[in-house]
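Residue-level structure breakdown
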Amino acid sequence: MARSFEVIYSYAPKAAVSRLEAFRARFPYRNMEHHGQIYRVWDVCDARNSSFAAVYLPSGLGTGEIWFPYMLYNRMDVRSIALSLAADEDPLVLVRAWGELLKEMGVQKCVLIGQSIGGLLAQIMAKEFPEMVLGLCLPTCGCPSETLSQEVRDTWQLRRKLKRRMSWRSFTTRDRLKMASEMFNAMCPEDYQESQAFWSAFIEETFDEYVYKDQYVAVNTQMVPNIYSNIFLKPSDFSDELKVLILPSQGDRTFGEKERGELIKMFPQAQVSDIGRFGAFAMQIDEDRLTEIICGFINSTIPTV
């Protein structure tokens, strides 16, 4: 039996919980269908020009809602849209679906913000929709470049072996909470107690309510390896006019130093700033500082009137 919202967030700071509740009340997600797949979409649009948007892509959790503090911070300046993952194994099918959904929503130009898996997909999407994508913001992610070593690519293929085990594994609430706990403990340092309490609850709720088994297995054991076996990006795939902000982290446990170096080589025009020791959880732990950096980049890249 699923736990209630109140139980999940009982140890989280009240102010942080209230902010989440206000976001959901003001900007509830809607389901959008494309070729039989259902995508959750959050659309925060208080800006005057709705044809330009900041588009937040999901990472391993599968839901773009984790970006809600950034969307709220920038809502008066730029339309902000967050997307979810579906049970796609082909990254090209996924990013093309996202592109068509954005066009359906009236988006003509956008900046893509993607972390981890979302960052990989953002790069692929920028190649597929060069007329739409004005900029990329890429915190803590790698790059499936044509010069990436085969050794690194082969390491990502090891995830394929998990498909059978994960497909057989039960996916009860208890199992999801164990996944959430393992993910959170790996991501969040103990010395940030208030952030730890809220984001631990958020991740638990996400696994409890929104992550379904087909999606989780497809993304983690098939789509990611498919990126590294089928995608070979090169600098000429992108316009020199594309604006790029790369935010690597010393504490990144997912993408090694060599792959982070490939990302910087891919975009020689990029702004690059190391965001410290927090790795994939930096967007949440260091939220106050990074909202200014990321939203500042967005606002400098796309028109606000």
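Look up a bit, the structure's there.
The following refers to the structure shown. Since the model is a prediction, treat every value here as computed from it, not as a measurement.

The rules we used
- Residues numbered from 1 in each chain as written.
- Predicted model: local features only at pLDDT ≥ 70, side-chain atom pairs only at ≥ 80, totals over all residues.
- Heavy atoms only, no water.
- Salt bridge = Lys/Arg side-chain N within 4 Å of Asp/Glu carboxyl O.
- Helix = DSSP H or I, 4+ residues; strand = E, 2+ residues; numbered from the N terminus.
- Buried < 20%, exposed > 50% of the residue type's maximum accessible area, 1.4 Å probe, protein only.

1. Overview of the pattern of salt bridges
- Applying the stated criterion across every chain, the model contains 10 salt bridges.
- Arg-19 is the salt-bridge partner of Glu-287, the closest N and O atoms lying 2.7 Å from each other. Of this pair, Glu-287 sits in helix H13 (residues 287–301) while Arg-19 sits in helix H2 (residues 14–26), placing them 268 residues apart in sequence.
- Glu-287 gets classed as buried once you look at its relative accessible area, which sits at 12%.
- Given a relative accessible area of 29%, Arg-19 falls into the partly exposed group.
- For the salt bridge of Glu-128 with Arg-96, the shortest nitrogen-to-oxygen distance reads 3.0 Å. With Glu-128 in helix H5 (residues 117–128) and Arg-96 in helix H4 (residues 91–104), the pair connects residues that are 32 residues apart, well separated along the chain.
- On the basis of relative accessible area, Glu-128 is assigned to the partly exposed category, the value being 28%.

2. Digging into unusual backbone geometry
- Of note, the phi angle at His-35 is positive, near 50°, even though the residue is not glycine.
- For His-35, the location among the structural elements is in the loop between strand S1 (30–34) and strand S2 (37–44).
- One non-glycine residue, Ser-116, adopts positive backbone phi at about 60°.
- Within the secondary structure, Ser-116 is located in the loop between strand S5 (109–114) and H5.
- Classification of Ser-116 as buried rests on a relative accessible area of 15%.

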